[in-house]
Structure formats: C-alpha cells, structure tokens
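Residue-level listing of the chains:
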Amino acid sequence: MSWVGLFIFSLAFFFVLLFLLSRFVGYMKKEQNIEIESFRDTLIDKDNPVGLTGEELQKLKQQQAEAQRHLREVIAKIPVVQKDGRFQIDQEEVQRRKEEAAAHRNGSSGAAGNDPQS
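Q: Would you mind showing me how to read the overall build of the protein chain here?
A: Helix and strand counts for the protein chain stand at 4 helices and 2 strands. Order of helices (α) and strands (β) in the protein chain, N terminus to C terminus: α-α-α-β-β-α. For the protein chain, the proportion of its 118 residues judged to be buried stands at 4%. Accessible area for the protein chain stands at about 11,300 Å²; split by element, carbon and sulfur atoms hold 59% of it.

Q: Would you mind going over the UniProt feature "transmembrane region" (unreviewed entry) in the protein chain with me for this structure?
A: The positions that UniProt labels "transmembrane region" (unreviewed entry) are, in the present scheme, residues 6–25. Between the C-alpha atoms that bound residues 6–25 there is a distance of 28 Å. The span itself is 100% helix and 0% strand.

Q: Honestly, the confidence of the model for the protein chain in this entry has me stumped. Any pointers?
A: Low pLDDT means the predicted coordinates in that region are not meant to be read closely. Mean pLDDT over the protein chain: 83, with 82% of residues reaching 70 or higher. Within the protein chain, helix 2 (residues 39–42) has the poorest average pLDDT of any element, 69, and helix 1 (residues 2–32) the best, 94. Below a pLDDT of 50 lies the segment residues 111–118, which in the model reaches 1 contact outside its immediate sequence neighbourhood of four places, other chains included.

Q: What exactly am I supposed to notice about the pairing of strand 1 (residues 80–83) here?
A: Within a regular strand, side chains alternate between the sheet's two faces. Pairing between strand 1 and strand 2 (residues 86–89): 4 bridges, direction antiparallel. Residue valine 80 lies in a different strand from strand 2, and its bridge partner there is isoleucine 89. Here strand 1 folds back onto strand 2, and the loop between the two strands holds 2 residues, one of which, aspartate 84, carries a positive phi near 55°.

Q: Teacher, can you tell me more about helix 1 here?
A: Residues lying three or four places apart along an α-helix face the same way, a consequence of the helix completing one turn every 3.6 residues. If you check helix 1, its first and last C-alpha atoms are 45 Å apart, about what 31 residues at 1.5 Å a residue would give, namely 45 Å. Residue asparagine 33 follows helix 1 closely and has a positive phi angle near 55°.

Q: In this structure, what is going on with the packing of aromatic side chains? I would like to understand it.
A: Any pair of aromatic rings gets described here by the distance separating the centres and the angle formed by the planes. Applying the stated rule across the entire model yields 2 aromatic pairs. Ring centres of phenylalanine 9 and phenylalanine 13 lie 6.4 Å apart, and the angle between their planes is 15°; on these two criteria the pair is classed as stacked. Pair noted here: phenylalanine 9 and phenylalanine 13 are both in helix 1, with a separation of 4 residues, about one helical turn. Here phenylalanine 13 falls in the partly exposed class, since its relative accessible area comes to 46%. Note on phenylalanine 14 and phenylalanine 15: the rings are 5.6 Å apart at their centroids and 65° apart in plane angle, and the pair reads as edge-to-face.

Q: Before we go on, may I ask you to explain the environment of valine 81 in this structure?
A: Secondary-structure assignment places valine 81 in strand 1. Beyond its immediate stretch of four places on either side in the chain, valine 81 contacts Arg86, Phe87, Gln88 and Asp90.

Q: How do you make sense of the pattern of salt bridges when you look at a structure like this?
A: Pairs can form between side chains of opposite charge once their charged atoms are near each other. Under the defined criterion, the tally for this structure stands at 3 salt bridges. Linking arginine 96 and glutamate 93 is a salt bridge whose minimum nitrogen-to-oxygen distance equals 2.4 Å. Linking arginine 96 with glutamate 93, this pair stays in helix 4 (residues 91–113), spanning 3 residues, or about one helical turn. Its salt-bridge partner being arginine 96, residue glutamate 100 comes within 2.2 Å of it at the nearest N-O pair. In this pair, glutamate 100 and arginine 96 both sit in helix 4, 4 residues apart, roughly one turn of the helix.

Analysis parameters
Here, residues in each chain are numbered from 1, in the same order as that chain's written sequence. With the structure being a predicted model, the display of local features is reserved for residues of pLDDT at least 70 and the display and counting of side-chain atom pairs for 80 or more, all residues being used for whole-chain, interface and lining totals. Excluding hydrogens and water, the side-chain figures rest on all heavy atoms present in the structure. The way it works is that DSSP assigns letters per residue, a run of H or I at least four long becomes a helix, a run of E at least two long becomes a strand, and they are numbered from the N terminus. The buried label goes to any residue with under 20% of its type's maximum accessible area, the exposed label to any with over 50%, and the partly exposed label to all in between, with areas taken from a 1.4 Å probe on protein chains only. Note on areas: these come from Shrake-Rupley sampling with a 1.4 Å probe, and a residue is covered only by the protein chains present in the view. UniProt positions are given in the numbering used here, feature names are shortened, and annotations may be inferred rather than shown by experiment. Confidence per residue, as judged by the predictor, is encoded in pLDDT with a range of 0 to 100. Should any heavy atoms of two residues lie within 4.5 Å, those residues are considered in contact. Any two strands with at least two DSSP bridges between them are considered paired. To estimate how far a helix should reach, multiply one less than its number of residues by 1.5 Å. Two rings from Phe, Tyr or Trp (for Trp, the six-membered ring) form a pair when their centres sit within 6.5 Å of each other. Planes less than 30 degrees apart are called stacked, planes more than 60 degrees apart edge-to-face, and all others tilted. A carboxyl oxygen of Asp or Glu within 4 Å of a side-chain nitrogen of Lys or Arg is what we treat as a salt bridge.

Quick look at the structure:
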C-alpha cells in the first residue's frame, strides 16, 4: 500500500507544480506585456496560408482577382469548337482572324501611304 501513497503524493506534487507554473506564466505575461499564441492560432489558415497581415492579404487577393479576370478575358478570345466531346482550337477561325488582321494592316498602311498631306 505504500506505492499508492507515493503515487498520490507524486500526483499532488505534479499538480502543485503545474499550478505554480501557470501562475508564473500569467505573471510574466502581465509583467512583460506579452501575449502567448495558442496552438490553434499557429495552425495554417486556409484563407491565409502564408501568414500575411490583413492589409497585405487583401492586396494579394485583389491582385489575384484581377489576374483571374484578365485570364478569363484572354481565354474568352480564343476560338474553340467541341469535337468528339473535347474542346479544341478552331483552326479555321484562327486563320480567318489572321487574314483579317493582315488585310487590316495592309489596308491601313496603304491608306497612310495615300495620304495627301505626306
């Protein structure tokens, strides 16, 4: 039965040490005006995996939104057709656009050469 008494004494001593440690940590936090982060705060945030400040995070989100918008605009300009259940670039439309651009360039450069003021 002596081991039971020793076990109870060691548990009581352990809890007293934990109590003293928590009091000491509380005193040091108050004295040095510090804040100890909880473990939950140190976990990676799905909205902020890099750990940026609020202003930096909002700026980054705005830049990414602008990049997404620009990417959607660029992709929307690419002519595509669906063949065999897959989307493919419409080569005929690309060729037609190239010819129109070439004709437009030739037409505008020819018109500039016929300018009476030059």
